[in-house]
Amino acid sequence: MSQISDLVASKLRDIPDFPKPGILFKDFTPLFADGPSFGALVRDIAQRYAGQVDVVVGIEARGFILGAAVAYELELGMVPVRKAGKLPGATLKESYALEYGTAEIEVHTDAFTPGQRVLVIDDVLATGGTAEAAALLVEKAGAQVTAIEVVLELAFLDGRTRLADRPVNAILTV
Ligand code: AMP
């Protein structure tokens, strides 16, 4: 493992049975709360995409924390992909399956200029439903997904397969 993946692994906290029985929740709050670790993580992501992307998308909610910091580091704008009903302007919407029921996320219709190169950031790639829906929103809005960056990939859930040929980078894979 690289230095940054070791650092991330040491700062994530496992919370069993949250938000429901059987889920091992990966808590990012200790990682975000540690200044040197958070800074190293943000710089690691930013240097990978310097000059390659035009805008950063953060997926609600932990993707906002990372996405905003990476966008700032790259001196780029940050576009929020939000849970349905939160964005005030005209939106595009994508539904995706959760273990029980469905979820919906949205982006503003005018969030991108045509062809903009987009870096999509989230904390965890699990089944891939959230990241796929975010990528579809970016594409429907007329921009292109240059890469999807996650801090942690739960490989046993095979989320990568849903993301087709879009490049995915995970700092840590379990
Ligand atoms: P999925 O759509 O199944 O890939 O789930 C990804 C989204 O759910 C991410 O935005 C994560 O924040 C959250 N998530 C899924 N599984 C976990 C987990 N085990 N620990 C923490 N967050 C998770």
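### Points about the overall build of the protein
- Of regular secondary structure, the protein possesses six helices and nine strands.
- Here the C-alpha atoms of the protein give a radius of gyration of 15 Å, agreeing with the 16 Å that 2.2 N^0.38 yields for 174 residues.
- In terms of its C-alpha atoms, the protein occupies a principal-axis envelope of roughly 40 × 40 × 30 Å.
- A total of 174 residues make up the protein; the buried ones form 44% of that total.
- Residue pairs at least 24 apart in sequence account for 57% of intrachain contacts in the protein once pairs closer than 6 positions are excluded.
- Split by element, the accessible area of the protein, about 8,500 Å² in all, is 54% carbon and sulfur.
- Averaging the positions of the 16 positive and the 23 negative side-chain charges in the protein gives two centres separated by 3 Å.

### Comments concerning the site of the ligand
- Neighbouring residues of the ligand: 13 residues in total, closest Asp122, Asp123, Thr127, Gly128 and Thr130.
- Residue Ala126 places a main-chain N or O atom 2.9 Å away from an oxygen atom belonging to the ligand.
- Alone, the ligand offers 480 Å² of accessible surface; in the complex the protein occludes 82% of this.
- Contributing elements (two or more residues each) for the shell around the ligand: strand 2 (24-27), strand 7 (117-125) and helix 5 (129-140).

### A closer look at the packing of aromatic side chains
- Within this structure, the stated rule accounts for three aromatic pairs.
- With a centroid separation of 5.1 Å and an interplanar angle of 80 degrees, the aromatic rings of Phe18 and Phe25 are classed as edge-to-face.
- Judged by centre distance (5.5 Å) and plane angle (70 degrees), the ring pair of Phe32 and Phe38 falls under edge-to-face. Pair check on accessibility: Phe32 and Phe38 agree, each one buried.
- Put simply, the rings of Phe28, Phe32 and Phe38 touch in pairs and so form one group of aromatic residues.

### Topic: the side chain of Glu149
- By the element assignment, Glu149 lies in strand 8 (residues 144-153).
- By relative accessible area, which is 0% here, Glu149 ends up buried.
- Within the structure, the side chain of Glu149 is placed 2.9 Å from the side chain of Arg48, a separation counted as a polar contact.
- Reaching out from Glu149, the side chain makes a polar contact with the side chain of Tyr49 at a distance of 2.6 Å.

### Observations concerning the sheet that holds strand 8
- Taken in spatial order, the seven strands of this open sheet run 5-6-4-3-7-8-9, and their pairing is mixed. If you trace the sheet from one side to the other, it starts and ends with strand 5 (91-97) and strand 9 (168-173), each paired once. This sheet shows a mean twist of 20 degrees between the axes of neighbouring strands, independent of strand direction.
- As judged from the two bridges shared by strand 4 (residues 77-83) and strand 6 (residues 102-108), these two strands associate in the antiparallel manner. Residue Arg82 lies in a different strand from strand 6, and its bridge partner there is Glu106.
- Sheet strands touched by helix 3 (residues 35-49): strand 7, strand 8 and strand 9. Its angle to strand 9, the strand with the most contacts, is close to 155 degrees.
- Strand contacts of helix 5: strand 3 (55-59), strand 4, strand 5, strand 6, strand 7 and strand 8, with the helix running at about 155 degrees to strand 5, the strand carrying the most contacts.

### Remarks on the pairing of strand 7
- Among the nine residues that make up strand 7, seven are buried, leaving the element largely enclosed by the rest of the structure.
- Judged from the eight bridges that link them, strand 7 and strand 8 form a sheet pairing that is parallel. The residue bridging Val118 from the neighbouring strand is Val145, located in strand 8.
- This β-α-β element, strand 7 to helix 5 to strand 8, shows right-handed connectivity.

Parameters at a glance
- Position numbers for residues start from 1 in each chain and track the written sequence from start to end.
- Predicted model: local features are reported for residues with pLDDT of at least 70 only, side-chain atom pairs are reported and counted for 80 or more only, and whole-chain, interface and lining totals are derived from all residues.
- In computing side-chain properties, one takes all heavy atoms of the structure into account and sets aside hydrogens as well as water.
- To qualify as a helix, a DSSP run of H or I must reach at least 4 residues; to qualify as a strand, a run of E must reach at least 2; elements of each kind are numbered from the N terminus.
- For the radius of gyration, the atom set is restricted to C-alpha positions; the globular benchmark scales as 2.2 Å times the number of residues to the power 0.38.
- For every residue, the accessible area (1.4 Å probe, protein chains only) is compared with the maximum for its type, and the residue is labelled buried under 20%, exposed over 50%, or partly exposed between those bounds.
- We call two residues contacting when some pair of their heavy atoms lies within 4.5 Å.
- Only the protein chains shown count as cover for residues, with accessible areas throughout obtained via the Shrake-Rupley method and a probe of 1.4 Å.
- When charges are tallied, Lys and Arg are placed among the positive residues and Asp and Glu among the negative ones, while His and the ends of the chain are skipped.
- Where a charge lies is defined by one atom per residue type: Lys uses NZ, Arg uses CZ, Asp uses CG and Glu uses CD.
- To be near a molecule or strand, a residue needs just one of its heavy atoms within 4 Å of it.
- Each polar contact in these results corresponds to two N or O atoms within 3.5 Å; when the atoms are within protein, one needs to be able to donate a hydrogen and the other to accept it, and residues that are neighboring in sequence are counted only if both atoms are side-chain atoms.
- Pairing of aromatic side chains here covers Phe, Tyr and the six-membered ring of Trp, requires ring centres within 6.5 Å, and sorts the geometry by plane angle: under 30 degrees stacked, over 60 edge-to-face, intermediate tilted.
- Paired strands, as defined in this entry, are two strands with at least two bridges between them according to DSSP.
- Axes, fitted as lines to C-alpha atoms, cover a helix only where it is in contact. Angles between the N-to-C directions of the axes lie from 0 to 180 degrees.
- Orient the strands so they point away from the viewer, and a crossover whose first-strand-to-second-strand path over the helix runs clockwise is right-handed.

Everything listed here is a matter of coordinates, which is why it stays silent on function.
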